[in-house]
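# A closer look at the structure
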Amino acid sequence: MKIVIPGGTGQVGAILKRALDAAGHEVVILARRPRHEGEIPWDGKTLGPWTAAVDGSDAVINLAGRSVSCRYTAANLQEMMDSRVDSTLVVGAAIADAARPPRVWLQMSTATVYAHRFDAPNDEFTGVIGGTEPGVPDYWAYSVEIAKAWEQAQQQAETPATRKIALRSAMVMSPDTGGVFAVLLGLARLGLGGPVAGGAQYVSWIHEIDFVRAVEFLMNREDIAGPVNLAAPHPLPQRAFMRALRSSWGVPVGLPATRWMAEAGAFALRSDTELLLKSRRVVPGRLSQAGFDFTYPKWSRAADELVHGVSSRVGGGSPARR
């Protein structure tokens, strides 16, 4: 298949390209600053010569959007909104104008669209959309508005010949450098991977292998359209999540952090505490209903494999297995 990936130069794009290349697909990346073979320039806002890659393709997987790994200032939140909505609208316009439109358009979204909650998991059928929860920072509601606008931009595109799927993805865990797993493992290795603000908030995640497999599964399932949660079926509280990660690396203790300590740490890392404190209890209702079988359904096994991948890359094998 010919697969076009707008915004495919980030970590998730690299994961997909590596796997899809290995599977024998032709992968074209749309990038603001092309640096490698197979990358085509675009600005994420306007139609241009790049639309020729979309015309005649089999699938489009749009990952474009400003990284959420930043301080959630008003300017950064607006840039998150604009980069996601603008790129989705222009991808939709390119598909609508194509003489031979792709048969499927997978659009990145986020599990952050769901409410901060502890009482029950959020699936696509009964999950609660966030934005009105009491007792959380006001700007968390804007993150939900970004997610909703992102999905609406895809929904409103007039692409009758192209099936549309919104990927409500949890954090994609990969042993590659620079990603969320590297940050979490770094904290655990320093002895800082303990409970944050009590650690009751749920962490939803998906192993990179299952992320790729789910994308391939959805590309080939003609009966699935609309929002789909890409998350492992067993989210767990942050304190248990980090305990399993420490165990995989062989670190016995993780210092706890209060909310204000988390704020200070996030500021130092130029990130935001919503990524640490929001309870994302998200489960893959539609994938499970469709019979998708996760390779890594539980975090303890996924953490072992990811740690092994990291330690194999730097040499010496997994610390927990020495």
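Scroll up for the structure.
The present account deals with the structure reproduced in this document.

Calculation rules
- Residues numbered from 1 in each chain as written.
- Predicted model: local features only at pLDDT ≥ 70, side-chain atom pairs only at ≥ 80, totals over all residues.
- Heavy atoms only, no water.
- Helix = DSSP H or I, 4+ residues; strand = E, 2+ residues; numbered from the N terminus.
- Rg over C-alpha atoms; globule rule 2.2 N^0.38 Å.
- Buried < 20%, exposed > 50% of the residue type's maximum accessible area, 1.4 Å probe, protein only.
- Contact = heavy atoms within 4.5 Å.
- Areas by Shrake-Rupley, 256 points an atom, 1.4 Å probe, with all protein chains shown as cover.
- Lys, Arg positive; Asp, Glu negative; His and termini not counted.
- Charge placed at Lys NZ, Arg CZ, Asp CG, Glu CD.
- Axes fitted to C-alpha atoms, helices over the stretch in contact; angles between N-to-C directions.
- Parallel < 35°, antiparallel > 145°, perpendicular 65-115°, else oblique.
- Nonpolar A, V, L, I, M, F, W, Y, C, P; charged D, E, K, R; others polar.
- Core = buried A, V, L, I, M, F, W, Y, C linked by side-chain atoms within 4.5 Å.
- Pairing = 2+ DSSP bridges.

Looking only at helices and strands, one finds eleven helices and eleven strands in the protein chain. Against the 2.2 N^0.38 benchmark of 20 Å for 322 residues, the protein chain shows a C-alpha radius of gyration of 19 Å, consistent with a compact globule. A burial count over the protein chain gives 52% of its 322 residues as buried. The contacts in the protein chain between residues at least 6 apart in sequence include a share of 78% that link residues at least 24 apart. Surface summary for the protein chain: the accessible area is close to 14,000 Å², and the carbon and sulfur share equals 55%. Across the protein chain, the centroid of the 34 positively charged side chains sits 7 Å from that of the 31 negatively charged ones.

A few words now on the packing of helix α3 (residues 74-97) against helix α4 (residues 139-155). How two helices pack is summed up by the angle between their axes together with the distance between the axes. Two elements in contact, α3 and α4, have axes whose closest approach is 8 Å; the angle formed by their N-to-C orientations is 10°. On the basis of their axis angle, the class for α3 and α4 is roughly parallel. Of the residues in α4, those touching α3 at L77, Q78, M80, M81, R84, V85, T88 and L89 are Y139, Y142, S143, E145, I146, A149, W150, A153 and Q154. Classifying every residue of the contact of α3 with α4 gives eleven nonpolar, four polar and two charged.

Most often, soluble globular proteins have nonpolar side chains that are buried together. Core analysis: the largest hydrophobic core is formed by 34 residues, its most contacted members being I61, L218 and L230. Put simply, the parts of the chain that give this core at least two residues each are β1 (2-6), α1 (11-22), β2 (26-31), β4 (59-62), β5 (104-108), β6 (163-169), α6 (208-220) and β10 (226-230). Top contributing element to this core by residue count: α6, with seven residues. The contact partners of L230, leaving out residues within four places of it in the chain, are L167, R168, S169, A170, I206, F211, A214, V215, L218 and L287. By size, the runner-up hydrophobic cluster in this structure holds 22 residues, among which are L185, V251, W299 and A303.

Within the secondary structure, T159 is located in the loop between α4 and β6. Note: C-alpha distance between T159 and T258 (99 residues apart in sequence) is 48 Å. In this structure, T159 is in contact with G92, I95, A96, W105 and K164, ignoring residues within four places of it in sequence.

Let's shift gears to the sheet that holds β1. Overall, parallel pairing links the seven strands, which are arranged β3-β2-β1-β4-β5-β6-β10 in an open sheet. Sheet topology places β3 (39-41) and β10 at the edges, where each strand pairs with a single neighbour. Sheet twist, expressed as the average angle between the axes of neighbouring strands with direction ignored, equals 25°. Looking at chain direction, β1 and β4 are connected through two bridges and run parallel. Looking across to β4, one finds that I3 is bridged to A59.

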